[in-house]
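# Architecture at a glance
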Amino acid sequence: MIIDASLRAELMHVANLLADAARPETLKHFRTSALVADDKGGGLFDPVTVADRASEKVMRAVLARERPNDAILGEEFGHQSGTTGLTWVLDPIDGTRGYISGTPTWGVLISVADQTGPVFGIIDQPYIGERFAGGFGLAEVSGPLGKAALACRPSRSLSEATILTTYPEVGTEEEGRAFHAVAAQCKLARYGMDCYGYALLAAGQVDLVIEAGLNAYDIQAPIAVIQAAGGTVTNWEGDPAHDGGRAIAAATPELHATALEIVQRSLHG
């Protein structure tokens with residue numbers, strides 16, 4: 001579909017309205033003694049809180065008012081069909097494990113996608129007050145230090161790179177081996193970042209994020225932000241990662257190609 005300048009401005013405005021609405025819903029429960037996490041089940045502890053649900057509900061209410069004919073895909077309340085060819089992809093709290101632990105690495109993920117994938121995205125960290133936005137020619141972070149352009153780091157060798165992921169075990173045993181094959185050649189590996197790791201990549205602070213077991217709502221906003229900042233994001237086969245699964249996000253095409261080669265060699269010999 002054609003997204004003209006007027007529609008671009010409207011979509012960016014609505015995305016920021018969604019982030020503005022979600023912030024107080026997440027903050028009213030963060031680091032409170034009364035916060036309770038339910039387990040979604042499925043084997044590993046997969047928490048959900050009243051804040052996750054409240055955050056998504058308020059964002060859906062904004063969309064019902066501002067863009068009622070667009071489709072919605074949200075983590076907590078699933079898919080709602082639309083007629084415009086646009087889909088809002090919402091993760092009301094990405095990193096709920098971090099949220100219930102009191103770490104400021106969780107975030108609200110908001111993106112809007114057409115048939116080609118995400119075209120604009122926001123990674124919002126309400127507690128710090130940082131908002132990373134990318135798409136439609138914009139790549140910007142706003143927060144306590146004001147506004148600044150987002151730009152991934154320039155090319156560097158893998159041996160000088162910093163790599164992030166959320167869990168040291170990454171996913172399956174096979175996926176973990178593939179991640180650590182890359183991490184072993186990096187200068188520094190850090191863990192537990194949730195969506196904030198992708199924001200740091202777009203901000204030029206780190207070089208690689210490699211993860212597995214993602215859903216579409218985990219990765220579509222980071223894809224938009226990182227690509228706007230000049231980075232590269234694919235799945236572990238080098239194809240689009242819009243639907244989730246396994247993702248490699250890199251500051252440069254060269255670093256991405258190097259990491260992808262190592263991952264493929266580990267997976268397939």
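Everything below is about the structure shown above.
Summary of the structure given here.

Further remarks concern the packing of helix α1 (residues 5-27) against helix α2 (residues 50-66). As a packed pair, α1 and α2 sit with axes 8 Å apart at the nearest point and diverge in direction by 150°. Regarding the angle of α1 to α2, the classification is roughly antiparallel. Pair α1 / α2 crosses with right-handed handedness. Between α1, through E10, V14, L17, L18, A21, A22, E25 and T26, and α2, the contact on the second element is made entirely by A51, A54, S55, V58, M59, V62, L63, R65 and E66. Looking at the contact of α1 with α2, its residues break down into 11 nonpolar, 2 polar and 4 charged.

Turning our eyes to something else, we now look at the sheet that holds strand β5 (residues 87-94). Strand order in the open sheet made by the 8 strands is β4-β3-β5-β6-β7-β8-β9-β10, with mixed pairing throughout. With one partner strand each, in any of the chains shown, β4 (78-80) and β10 (146-149) form the two edges of the open sheet. The sheet shows a mean angle of 15° between the axes of neighbouring strands, direction not considered. Pairing between strand β6 (residues 107-114) and strand β7 (residues 117-125): 7 bridges, direction antiparallel. Each residue of the ladder has a partner; that of V112, found in β7, is F120. Packed onto the sheet, α1 meets β5, β6, β7, β8 (130-135) and β9 (138-143) and runs at close to 30° relative to β7. Sheet strands touched by helix α6 (residues 216-228): β3 (71-74), β5, β6, β7, β8 and β9. Its angle to β7, the strand with the most contacts, is close to 95°.

Counting residues in hydrophobic clusters, the biggest one holds 30 residues, and the most contacted among them are I123, F132, L150, Y198, L201, I226 and A249. When contributions to this core are tallied by element, the ones reaching two or more residues are β9, α5 (196-202), β13 (208-214), α6 and β15 (245-250). Residue contacts for L150: discarding those within four places in its chain leaves F132, A133, A139, E140, V141, A202, A203, V225 and A229. Counting residues in each nonpolar core, the second largest holds 24 residues, with L18, L63, V112 and F136 among its members.

The next point concerns the packing of helix α4 (residues 173-183) against helix α7 (residues 253-268). Viewed as axis vectors pointing N to C, α4 and α7 meet at an angle of 140°, and their least axial separation amounts to 8 Å. Judged by the inter-axis angle, α4 sits oblique to α7. In this structure, α4 crosses over α7, and the sense of that crossing is right-handed. Contacts between α4 and α7 involve E174, R177, A178, A181 and V182 from the former and A259, I262, V263, S266 and L267 from the latter.

Let's shift gears to the sheet that holds strand β14 (residues 232-235). Across the sheet, 5 strands lie side by side as β12-β11-β13-β15-β14; this open sheet has mixed pairing. Each end of this open sheet is capped by a strand with a single partner; those strands are β12 (188-191) and β14. Strand-to-strand, the axes of this sheet are offset by a mean angle of 20°, without reference to chain direction. Relative to β15, β14 runs antiparallel, the two being bridged by 4 bridges. Looking across to β15, one finds that T234 is bridged to I248.

The rules behind each value
- Residues numbered from 1 in each chain as written.
- Predicted model: local features only at pLDDT ≥ 70, side-chain atom pairs only at ≥ 80, totals over all residues.
- Heavy atoms only, no water.
- Axes fitted to C-alpha atoms, helices over the stretch in contact; angles between N-to-C directions.
- Helix = DSSP H or I, 4+ residues; strand = E, 2+ residues; numbered from the N terminus.
- Parallel < 35°, antiparallel > 145°, perpendicular 65-115°, else oblique.
- Left-handed = near helix turned anticlockwise from the far one by under 90°.
- Contact = heavy atoms within 4.5 Å.
- Nonpolar A, V, L, I, M, F, W, Y, C, P; charged D, E, K, R; others polar.
- Pairing = 2+ DSSP bridges.
- Core = buried A, V, L, I, M, F, W, Y, C linked by side-chain atoms within 4.5 Å.
- Buried < 20%, exposed > 50% of the residue type's maximum accessible area, 1.4 Å probe, protein only.

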